[in-house]
Structure formats: C-alpha cells, structure tokens
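An overview of the molecular structure
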Amino acid sequence: MFIAAQLVDWGFFALAMAGVEKMRVDPDATVMVPFDLYHMPFTHSLLGTAIWAAVFAIIVMVFQRNFFGGVLTAFVVLSHWVLDWLTHAPDMTIAGGPKAYGLGLWNYPQIAMPLELLITIGAFMIYVKRTRGPVGPPLILLGVLLLMQMVNWFGPAPTEANMALYAQALIAFAVTTALAWWVGHNRWHIRRGGLAAPSE
C-alpha cells in the first residue's frame, strides 16, 4: 500500500531521468512548489494512472495471491491522481491531451499545508489503531515523513531540474519505503476476535 501511494511518482522521476517525462523549475509555478510539470502523460494523466493501478493490482494478485488486496492497491494508486488534482496547478490531464486540470491548492498554503498534514497524520493514526505492536517504528516513519515534508515546504528550492534532483526524489522514496517495510514487520493487523496477523 505504501508503494501504491507513491507509485506514479516513482514512475515520473524514473521517466524524467530517461527524458520521457519532463519538468522544469519555475518559481512562479505555484506559491509552494516551484515545479512546472509540463509533460507527464504516462504517469499523471488519469488514463496513465489507471494503467499503473491495473498493472500493480495484477502484480499484487499474482505474487501475493490476494485478489482483494490487489483491488485495494489499485484504488490507492488511483487516489494519487485525485489528491494531486487538488493541489497541482492545472497540469493533470485525462489522457495526455492539451486540456489540463488542477485546483491549485499549492497556491494557498493556509489550505494545502493543513490538508497534507491531516492526510499524513490521519493515515498514521488509522494504521496504529488497526494494528498491534511497538509504537516506536511507526513513530520513526512518521517523523521522517514530517521532516521530509518540512524540508519540501521550507528548505531551499532547487535551481534546476536535473539528474541530481530526480535521483534525490527516488532516494527519498526508497528510504521511506524501506522504513515502511520495517514498520510492517514490527506491527500486526487486528483481525476478527481481537487476533493479530503480520501487517505485511
């Protein structure tokens, strides 16, 4: 599920490295995020996101032997497009065409910041409530996520969209995914009757 939530961003930065999808640094793009994401039809169009969701769901169904889990991961992948539509300037397309969508909440930090914190902390609280085990690992993951969010909001803005920027994003995703895997091996999901099973 953690990978599913970031999957199209994994795809975007990998494709940007290959020159397939494109972005540039533009301080006037939005108030909070100085990125003009002007060409990303394969990952951030609704059709592209749906294809990533379907492929990922099939992988989960085959390798985890979990049909319901695969369906859930597909919805998580698709939710990325919906949440990006809320925050992005109009750069989200339906199928890679010229018409783009986005409510642009990144131009309104007083709305976007509480919203992003609510999603992150809310997900943490739901996870902790529905699992059992030491609370330290998920707290460490939450702390790292919040620290990265603070750096993203208040840290120095990059001056150029280049390989170093793309690699930095992929490394950040890898670090948080590794932490999420570690958390999953230290917590157990609550099942019927109060019994617990490994959260992985």
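Conventions we followed
- Residues numbered from 1 in each chain as written.
- Predicted model: local features only at pLDDT ≥ 70, side-chain atom pairs only at ≥ 80, totals over all residues.
- Heavy atoms only, no water.
- pLDDT = per-residue confidence, 0-100.
- Contact = heavy atoms within 4.5 Å.
- Phe/Tyr/Trp six-rings, centres within 6.5 Å; stacked < 30°, edge-to-face > 60°.
- Buried < 20%, exposed > 50% of the residue type's maximum accessible area, 1.4 Å probe, protein only.
- Helix = DSSP H or I, 4+ residues; strand = E, 2+ residues; numbered from the N terminus.
- Axes fitted to C-alpha atoms, helices over the stretch in contact; angles between N-to-C directions.
- Parallel < 35°, antiparallel > 145°, perpendicular 65-115°, else oblique.
- Left-handed = near helix turned anticlockwise from the far one by under 90°.
- Nonpolar A, V, L, I, M, F, W, Y, C, P; charged D, E, K, R; others polar.
- Patch = residues over 30% accessible without salt bridge, like charges linked within 9 Å, V, L, I, M, F, W, Y side chains within 5 Å.
- Areas by Shrake-Rupley, 256 points an atom, 1.4 Å probe, with all protein chains shown as cover.
- Salt bridge = Lys/Arg side-chain N within 4 Å of Asp/Glu carboxyl O.

1. Description of the confidence of the model for the chain
Per-chain confidence: the chain averages 93 in pLDDT, with 95% of residues scoring 70 or above. Under a pLDDT of 50 for its full length, residues 192-196 has, in the predicted model, four contacts with residues more than four places off or in other chains.

2. Observations concerning the packing of aromatic side chains
In total, this model carries five aromatic pairs according to the counting rule given. Where Phe12 meets Phe13, the ring centres are 5.1 Å apart and the plane angle is 75°; that geometry is what we call edge-to-face. Note on accessibility: Phe12 and Phe13 belong to one class, buried. Grouping aromatic residues by their ring pairs yields a cluster made of Trp10, Phe12, Phe13, Tyr166 and Phe173.

3. With respect to the environment of Leu165
Inspection of the secondary structure puts Leu165 in helix H6 (residues 163-184). Given the relative accessible area of 12%, Leu165 is considered buried. As for Leu165 and Met32, which are separated by 133 residues in sequence, their C-alpha atoms are 17 Å apart. Not counting the four nearest positions on each side in its chain, Leu165 is found in contact with Met23, Phe35, Pro158 and Glu160.

4. Quick look at the packing of helix H1 (residues 2-17) against H6
Interhelical geometry of H1 versus H6 gives an angle of 160° and a closest axis separation of 9 Å. Accordingly, the angle class assigned to the pair H1 and H6 is roughly antiparallel. The two elements H1 and H6 meet at a crossing, and its hand is left-handed. Along its contact with H1, which presents Phe2, Ile3, Gln6, Asp9, Trp10, Phe13, Ala14, Ala16 and Met17, the element H6 presents Met163, Tyr166, Ala167, Ala169, Leu170, Phe173, Ala174, Thr176, Thr177 and Ala180. Of the residues contributing to the contact of H1 with H6, the split by class is 15 nonpolar, three polar and one charged.

5. Quick look at a nonpolar patch on the surface
Together, Leu47, Ile51, Val55, Ile58, Ile59, Val62 and Phe63 give the surface a local cluster of nonpolar side chains, amounting to about 710 Å² of exposed area. Secondary-structure assignment places Leu47 in helix H2 (residues 46-64). Overall, the relative accessible area of 48% leaves Leu47 in the partly exposed class.

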